[in-house]
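Each chain, letter by letter, is given below.
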Amino acid sequence: MTPRSFLLTAELGDYVRANSEPPDDVAADLLAETAELADRGDVPSTFQIAPEQGTFMQLLTRALGVRRAIEIGTFTGYSALCVARGLPDDGSLLCLDTSEEWTAVARRYWDRAGLADQIELRLGDAHESLRALPAEPTFDLAFVDADKAGYADYVDQLHPRMTDGAVVLLDNTLRSGRVLDPQSDDDRALVELNAALATDPRWETVLLPLADGLTMLRRR
Ligand SMILES: C[S@@+](CC[C@H](N)C(=O)[O-])C[C@H]1O[C@@H](n2cnc3c(N)ncnc32)[C@H](O)[C@@H]1O
């Protein structure tokens, strides 16, 4: 099953997708292959972002004129494909993930889309990969979709590496609604982070009810 916005009924989810720009053939095939792997139990079924979120992120990347982007949590590569599609020809995307197996799927689709030269993948713990990054060059867009308890560290580490006015997107900030009744350490970590970010002077913050909750931070 393709991921969808949890606040929408199946019918409304279909309506939203039918009235947004559809995924092209490469993105559609990647969505289908990941859904098939998930149906077989070979990959988690909740990992990939919803197609309407991918379309939004591609449009946002292009609208902001992003030239350098970073993604933390790549999996089979769909969100990266969307961001990379929104970049200009000389733009670049750095992807951080621990899984060689899942990102091997990603690499196949980036190749097919002609984006392999614009996307660099670094395998390893993203906290360490980020720490090892030089202060320059900075990024215009970041997408964070990895270990939820690590988001606060990612936000802190990203801040000095983002250009003024840059945007950081944090995924799953509604935790399928569990932010109202946290059940796990990951839920509690995001409840604390959501509250802290709402008044954090470093960022303009909005929590969008898109898909599983997408927090958008703009560096002041
Ligand atoms: C929710 S999935 C990302 C989904 C992806 N953005 C997409 O839309 O298809 C989370 C990914 O984060 C990676 N991950 C989890 N903890 C990590 C860490 N500490 N460092 C790097 N990657 C990590 C996992 O290997 C997994 O691929």
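Numbering of residues starts from 1 in each chain and follows the order in which that chain's sequence is written. With the structure being a predicted model, the display of local features is reserved for residues of pLDDT at least 70 and the display and counting of side-chain atom pairs for 80 or more, all residues being used for whole-chain, interface and lining totals. Only hydrogens and water are set aside; all other atoms, that is, all heavy atoms of the structure, feed into the side-chain values.

(A) Looking closely at the pairing of strand 2 (residues 92-97). Taking burial as the measure, the 6 residues of strand 2 include 5 buried ones, the bulk of the element. Strands were regarded as paired on the criterion that DSSP finds at least two bridges between them. Numbering of helices and strands runs from the N terminus; a helix is a DSSP stretch of H or I covering at least four residues, while a strand is a stretch of E covering at least two. In terms of strand pairing, strand 1 (residues 68-72) meets strand 2 through 5 bridges, oriented parallel. Looking at strand 2, one finds that Ile72 is bridged to Leu96. The path from the first strand over the helix to the second decides the hand: if it runs clockwise while the strands point away from the viewer, the crossover is right-handed. Traced from strand 1 through helix 4 (residues 78-85) to strand 2, the parallel crossover comes out right-handed. Judged from the 5 bridges that link them, strand 2 and strand 3 (residues 119-123) form a sheet pairing that is parallel. Looking at strand 3, one finds that Asp97 is bridged to Leu123. On the question of chirality, the crossover connecting strand 2 to the parallel strand 3 by way of helix 5 (residues 100-112) is right-handed. For every residue, the accessible area (1.4 Å probe, protein chains only) is compared with the maximum for its type, and the residue is labelled buried under 20%, exposed over 50%, or partly exposed between those bounds.

(B) Quick look at the sheet that holds strand 3. Ordered in space as 3-2-1-4-5-7-6, the 7 strands form an open sheet in which the pairing is mixed. Edge positions in the sheet fall to strand 3 and strand 6 (203-208), since each of these pairs with one other strand and no more. Between one strand axis and the next, the sheet turns through 15 degrees on average, direction left out of account. Residue contacts are counted whenever heavy atoms from the two residues lie within 4.5 Å of one another. Only the contacting stretch of a helix is used when fitting its axis, a line to C-alpha atoms as for every element, and angles between N-to-C directions run 0 to 180 degrees. Against the sheet, helix 4 makes contact with strand 1, strand 2, strand 3 and strand 4 (139-144), and its axis sits at roughly 165 degrees relative to strand 2, the strand it touches most. Along the sheet, helix 5 makes contact with strand 2 and strand 3, crossing strand 3 at roughly 170 degrees.

(C) Region of the structure containing the site of the ligand. Ser79, Asp97, Asp125, Ala126 and Asp145 are the nearest of the 20 residues found near the ligand. We define a polar contact as two N or O atoms separated by no more than 3.5 Å, with the added condition that, inside protein, one atom must be a possible hydrogen donor and the other a possible acceptor, whereas residues neighbouring each other in sequence contribute only through side-chain atom pairs. The contact in question runs from an oxygen atom of the ligand to an N or O atom on the side chain of Asp97, over 2.7 Å. Throughout, the Shrake-Rupley method with a 1.4 Å probe supplies accessible areas, and for residues the shown protein chains are the sole cover considered. Considered on its own, the ligand offers 610 Å² of accessible surface; in the complex 90% of this is hidden by protein. By the convention adopted, Pro, Cys, Tyr, Trp, Phe, Met, Ile, Leu, Val and Ala count as nonpolar, Lys, Arg, Asp and Glu as charged, and the other residues, Gly among them, as polar. Counted by class, the shell around the ligand contains 9 nonpolar, 7 polar and 4 charged residues. Nearness here has a simple test: a residue counts as near a molecule or strand if at least one of its heavy atoms is within 4 Å of that partner.

(D) Representation of the packing of helix 2 (residues 25-39) against helix 5 within the structure. Packing of helix 2 against helix 5 brings their axes to within 10 Å, and their N-to-C directions diverge by 165 degrees. One element, helix 2, and the other, helix 5, form an angle in the roughly antiparallel class. The interaxial crossing formed by helix 2 with helix 5 has right-handed handedness. Here Asp25, Val26, Asp29, Leu30, Glu33 and Leu37 of helix 2 come into contact with helix 5, specifically with Val105, Arg108, Tyr109 and Arg112. For the contact of helix 2 with helix 5, a count of residues per class yields 5 nonpolar, no polar and 5 charged. For classification, angles of less than 35 degrees are called roughly parallel, those exceeding 145 degrees roughly antiparallel, those between 65 and 115 degrees roughly perpendicular, and all remaining angles oblique. What makes a crossing left-handed is the near helix being turned counterclockwise from the far one by less than a right angle; a clockwise turn instead makes it right-handed.

(E) Examining helix 4 more closely. A large share of helix 4 lies buried, amounting to 7 of its 8 residues. Within the sequence span of helix 4, burial applies to Tyr78, Ser79, Ala80, Leu81, Cys82, Val83 and Ala84.

(F) A look at the packing of aromatic side chains. Here a Phe, Tyr or Trp ring, Trp counted by its six-membered ring, pairs with any other such ring whose centre lies within 6.5 Å, and the pair is stacked when the planes are under 30 degrees apart, edge-to-face when over 60, and tilted otherwise. In this structure the tally under the stated criterion is 3 aromatic pairs. Ring pairs connect the aromatic residues Phe47, Phe75 and Trp102, which therefore count as one cluster.

(G) Representation of unusual backbone geometry within the structure. Of note, the bond from Glu136 into Pro137 is cis; its omega dihedral lies within 30 degrees of zero at -5 degrees. Note on placement: Pro137 falls in the loop between helix 6 (126-131) and strand 4. Located in the positive-phi region is Asn172, a residue other than glycine, with phi close to 65 degrees. Looking at the element boundaries, Asn172 is found in the loop between strand 5 (162-171) and helix 8 (185-198). The buried category is assigned to Asn172, whose relative accessible area is 11%.

(H) The arrangement of the pattern of salt bridges in detail. Salt bridges are defined by distance alone: a side-chain nitrogen of Lys or Arg within 4 Å of a carboxyl oxygen of Asp or Glu. What the rule picks out here adds up to 19 salt bridges. Close ionic contact of Arg108 with Glu33 constitutes a salt bridge, the shortest N to O distance being 2.6 Å. Placement of the pair is Arg108 in helix 5 and Glu33 in helix 2, with a sequence separation of 75 residues. Arg108 sits in the partly exposed class, given a relative accessible area of 44%. Two residues, Glu120 and Arg122, come together in a salt bridge whose shortest N-O distance is 2.8 Å. When its relative accessible area of 38% is taken as the criterion, Glu120 is described as partly exposed. Here the salt bridges do not stand alone but share partners, grouping Asp14, Arg17 and Glu52 into one network.

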